[in-house]
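Examining the three-dimensional arrangement
Residues per chain are reported as follows:
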Amino acid sequence: MGRYTNLMLEIKGLVVEYRTDDETVHAVNDINLWIEKGKSLGLVGETGAGKTTTALSILNLLPETTGYIVDGTVSLDGEPIIKKNREGKSVPALLDSDMQKIRGDKVAMIFQDPMTALNPIFTVGYQIAESVRLHQKCSAKEAEKKAEEMLELVGIPASRKDEYPHQFSGGMKQRVVIAMALACNPALLIADEPTTALDVTVQAQVLEMIKNLRDKFGTSVLMITHDLGIIAEMCDEVSVMYAGAVVEHGSLEDVFDRTRHPYTRGLFNSLPNIKDRTARLKPIRGLMPDPANLPMGCAFADRCDYATEKCRGEKPRKQWLTDSHFVACHLYEDGKDEDRL
Amino acid sequence: MTEKSILLDVQHLTKYFHTSGGTLHAVDDVSFQIERGKTLGIVGESGCGKSTIGRTILRLLEPTSGKVIFDGTDLTALSKEELRKMRQQMQIIFQDPFSSLDPRMTVSQTIAEPLKLHGMIKNKAEREKRVLELMATVGLAERLYDAYPHELDGGRRQRIGIARALAVKPKFIVCDEPVSALDVSIQAQILNLMKDIQEREGLTYIFITHDLSVVNHFADDIAVMYMGRMVEKAPAEELFEHPIHPYTQALLSAIPIPDIHTEMKRIVLKGEVTSPIEPKPVCRFAARCAYACDECMKSEPELINVSPGHWAACHRFA
């Protein structure tokens, strides 16, 4: 991928497992992701596809006792976060204390549920100012002022800074979380289903705001969602994840107009068509395989109308169809960019 | 015009809750009718009263006032015992397939329970046969007969909920966000299933949801709720093509569309839903409405007929 030079985030060959006494869950299986500076990448997939695990790996926040980065590297703005040591093992490249400086400063994350991301016993103003104080050399006064600015920026009157999270509605709480995330002007914003818990009209407000702030500050965004509509609206490129792997990646035009992978097509067909209300939905049959017990071949084969013997026996490799578009599917082994669905 | 066969006639249904802060108007003077075999979609955002309507119709919550006429019988006038018998004809499917199933009952026990309660099939062998039949109808494999809910994923649990509702051969089902907790590929499976069953059994549905693209696909008529009030009602196609109420317009424009060529003309509403506790007798949407005028702050608009089948409560059309 020599053509990508100015990368904000680069993940190569990432493999993450969750290990318990009973089983090993293969949450992320050899994925590559990259975001150019100032661009937005959408990561789309269903429950259990490994989207959140990928995000947590970037921040080195996997649950300590069960989550293991087995392989791969992660670098942020050219600086390694996860690197290979001399024996070729993937290890954190930074001390915990240095990683802590990066979190919230260079990379910020917004979680799905704003209530669990806020501390109920501190005022919202205090919580925003806290991250400013931790990351920027400034006085408590200055940090407080910055917090007021941020609140205004996300459309909350600064006069409400002394209120507690429970005094805000869900949409307002998510705005507070966004204010907190953007207070230190991060270079990369990871938004993990930021509007899933919100009503549509509030979702529209929050998305609009993320878009405006992103454009204003030139922030790179990793937008994790299950909603293809949000991807269409917010992102430049999109990676489709299934059972821990990226099965299709490309620009919005590639993935939306020239859909190649049967799973991606299945996702689109499952959505009610707003223009043709009587069209019968074409769901994907069956269920996602148990990530503790993935099949030998293509993880989607059991649900795929095009599956052959080969699909069941052998994992498909990533195949570039154009400069910007790849799929991992045996249908496109010859690398020809034509519609085979 | 041919005589339409109305299964459910809801008249001035009202449900207030008494809270420490005052009276909460969850559902305020809502009237509508549903024809046999049709689906009415009720949409709106959190707290608009859509779930309360569903529960009040079935008298899972006692209405504060109003009538619910089901197949000629006024449900609000029935005694407890009469109502219990009546419930055989009306069932409900809940949103959360995790909390709506008893974790200590197996799939077959759960589906058989309503049959026992209504004393429908007394013979054990026949009841087993009926349970297996229902499991096949909703696409649950026979091997899951003795499985417990915790062993199953959300989609399968929702299928149990549907089988349980169908067990007593109801005429009418209230579906309260039946697919909201499910992933899209599973959501499509369940929606298709519910549609097939409706066609086969001639069921009538109330389909309550916050997801507008789902309701557009699923419902014949759509009612839009805002703070306990029905603000607009029309056939699905008409509502999506010619929304009249400013709230409906904003709601529809807020749907993210999974298509990169659709030009978005989004109306971003200011503010948020205000409290439904003792609302003033003015238009409840006025504070957020771009078209609000003096009249909107003086009186509450009535639901009026704008064109055939299309109703709206907005002073701009009075």
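Rules behind the numbers
- Residues numbered from 1 in each chain as written.
- Chains lettered and ligands numbered in written order.
- Predicted model: local features only at pLDDT ≥ 70, side-chain atom pairs only at ≥ 80, totals over all residues.
- Heavy atoms only, no water.
- Helix = DSSP H or I, 4+ residues; strand = E, 2+ residues; numbered from the N terminus.
- Rg over C-alpha atoms; globule rule 2.2 N^0.38 Å.
- Buried < 20%, exposed > 50% of the residue type's maximum accessible area, 1.4 Å probe, protein only.
- Contact = heavy atoms within 4.5 Å.
- Areas by Shrake-Rupley, 256 points an atom, 1.4 Å probe, with all protein chains shown as cover.
- Lys, Arg positive; Asp, Glu negative; His and termini not counted.
- Charge placed at Lys NZ, Arg CZ, Asp CG, Glu CD.
- Pairing = 2+ DSSP bridges.
- Phe/Tyr/Trp six-rings, centres within 6.5 Å; stacked < 30°, edge-to-face > 60°.
- Lys NZ or Arg CZ within 6 Å of the ring centre and 35° of its normal.
- Axes fitted to C-alpha atoms, helices over the stretch in contact; angles between N-to-C directions.
- Buried area = accessible area lost by both parts, 1.4 Å probe.
- Salt bridge = Lys/Arg side-chain N within 4 Å of Asp/Glu carboxyl O.
- Polar contact = N/O pair within 3.5 Å; in protein donor to acceptor, adjacent residues only side chain to side chain.
- Core = buried A, V, L, I, M, F, W, Y, C linked by side-chain atoms within 4.5 Å.
- pLDDT = per-residue confidence, 0-100.
- Expected span 1.5 Å × (residues − 1).
- Patch = residues over 30% accessible without salt bridge, like charges linked within 9 Å, V, L, I, M, F, W, Y side chains within 5 Å.

Focus: the overall build of chain B
For chain B, the count of helices and strands is nine helices and twelve strands. At 21 Å, chain B has a C-alpha radius of gyration in line with the 20 Å of a compact globule built from 318 residues. Overall, chain B is about 70 × 50 × 50 Å in size when its C-alpha atoms are taken along their principal axes. Within the span of chain B, comprising 318 residues, buried residues form 54% of the whole. Pairs at least 24 apart in sequence give 63% of the contacts found in chain B among residues at least 6 apart. Of the roughly 14,200 Å² of accessible surface on chain B, 50% is carried by carbon and sulfur atoms. Charge centroids of chain B, computed over 38 positive and 42 negative side chains, lie 5 Å from each other.

Remarks on the sheet that holds strand β2 (residues 22-35) of chain B
All names here are of chain B. Taken in spatial order, the four strands make up an open sheet running β2-β1-β4-β5, and their pairing is antiparallel. Because the sheet does not close on itself, it has two edges, and the strands there are β2 and β5 (73-74). In this structure, strand β4 (residues 65-70) lies alongside β5, joined through two bridges in antiparallel fashion. Across the sheet, I69 pairs through a bridge with D74, a residue of β5.

Observations concerning the packing of aromatic side chains
Counted according to the given criterion, the structure contains 13 aromatic pairs over all chains. Ring centres 5.9 Å apart and planes at 50 degrees place the aromatic pair F70(B) and F172(B) in the tilted group. Separated by 102 residues along the polypeptide, F70(B) in strand β4 and F172(B) in strand β7 (residues 172-176) bring together distant segments of the chain. Here F70(B) and F172(B) have matching classes, each one buried. Ring plane angle 55 degrees and centroid distance 4.5 Å describe the contact between Y226(B) and Y247(B), whose orientation is recorded as tilted. With Y226(B) in strand β9 (residues 221-226) and Y247(B) in helix α9 (residues 246-253), the pair connects residues that are 21 residues apart, well separated along the chain. With respect to burial, Y226(B) and Y247(B) carry one shared label: buried. Connected via pairs of aromatic rings, a cluster forms that spans W34(A), W320(A) and F326(A). Looking at K318(A), its charged tip hangs above the ring of F326(A), at a distance of 5.0 Å from the centre. Across the ring face of Y291(B), the terminal group of R316(B) is positioned such that the distance to the ring centre comes to 3.8 Å.

Here we look at the sheet that holds strand β6 (residues 90-92) of chain A
All names here are of chain A. Spatially, five strands are ordered β2-β1-β4-β5-β6 in an open sheet, and the strand pairing comes out antiparallel. In this open sheet, the two edge strands, each paired with only one partner strand, are β2 (24-36) and β6. Direction aside, the axes of adjacent strands within the sheet are offset by 20 degrees on average. Pairing of strand β1 (residues 7-19) with strand β4 (residues 67-76), which is carried by eight bridges, proceeds in the antiparallel orientation. Residue Y18 lies in a different strand from β4, and its bridge partner there is G67. Most of the contacts of helix α1 (residues 51-58) go to β1, to which it runs at about 115 degrees, and overall it touches β1, β2, β4 and β5 (79-84).

Describing the interface of chain A and chain B
With 41 residues of chain A at the interface, the matching set in chain B holds 41 residues. A buried area of about 3,500 Å², summed over both sides, lies between chain A and chain B, and 57% of it is on carbon and sulfur atoms. On inspection of chain A and its partner chain B, the count reaches three salt bridges. Between K275(A) and D259(B) there is a salt bridge, with the nearest N and O atoms lying 3.3 Å from each other. Applying the counting criterion to the chain A and chain B interface returns 19 residue pairs in polar contact (both at pLDDT 80 or more). Put simply, the parts of the chain that give the side of chain A that touches chain B at least two residues each are α6 (170-182), α7 (200-217), α8 (228-234), α9 (252-257) and α10 (262-270) of chain A. Sorting elements by how many residues they give to the side of chain A that touches chain B places α7(A) first, with seven residues.

Re the side chain of S213(B)
With respect to the secondary-structure elements, S213(B) resides in helix α7 (residues 212-218). Of note is the side chain of S213(B), whose polar atom sits 3.0 Å from the side chain of D211(B). Sequence-distant contacts of S213(B), defined by excluding residues within four places in its chain, comprise P272(A), I274(A) and I255(B).

Things to note about the nonpolar core
If you look at the biggest cluster of nonpolar residues, it comprises 66 residues, and the most contacted ones within it are I162(B) and M194(B). The element that contributes the greatest number of residues to this core is helix α6 (residues 184-201) of chain B, accounting for seven residues. Grouped together as the second largest cluster of nonpolar side chains are 61 residues, M172(A), A243(A), L252(A) and L267(A) included.

Quick look at the confidence of the model for chain B
The pLDDT averaged across chain B works out to 93; a share of 99% of its residues lies at or above 70. Across the whole predicted complex the pTM is 0.90, and at the interface the ipTM reaches 0.85.

As for α6(B)
All names here are of chain B. Counted at 1.5 Å a residue, the expected span for α6 with its 18 residues is 26 Å, and the 26 Å between its end C-alpha atoms agrees. Where burial is concerned, most of α6 is hidden: 13 out of the 18 residues are buried. Positive backbone phi, approximately 65 degrees, marks G202, located one or two places after α6.

Focus on a nonpolar patch on the surface
Residues and elements named next belong to chain A. A cluster of nonpolar residues, I121, F122 and Y126, forms a patch on the protein surface that exposes about 290 Å² of accessible area. Looking at where F122 falls in the secondary structure, it is placed in the loop between α3 (114-117) and α4 (124-135). Given the relative accessible area of 32%, F122 is considered partly exposed.

Points about the pattern of salt bridges
Residues and elements named next belong to chain A. What the rule picks out here adds up to 35 salt bridges over all chains. A salt bridge links D77 to K106, with the shortest nitrogen-to-oxygen separation between them at 3.6 Å. Residue D77 is found in the loop between β4 and β5, and its partner K106 is found in the loop between α2 (96-102) and β7 (107-110); the two are separated by 29 residues along the sequence. Among the ionic pairs, D302 bridges to R312, the shortest N-O distance being 3.9 Å. Here R312 lies in helix α11 (residues 309-313) and D302 lies in the loop between α10 and α11, a separation of ten residues in the sequence. Each of K37, D77, E79 and K106 takes part in one network of salt bridges that share partners.

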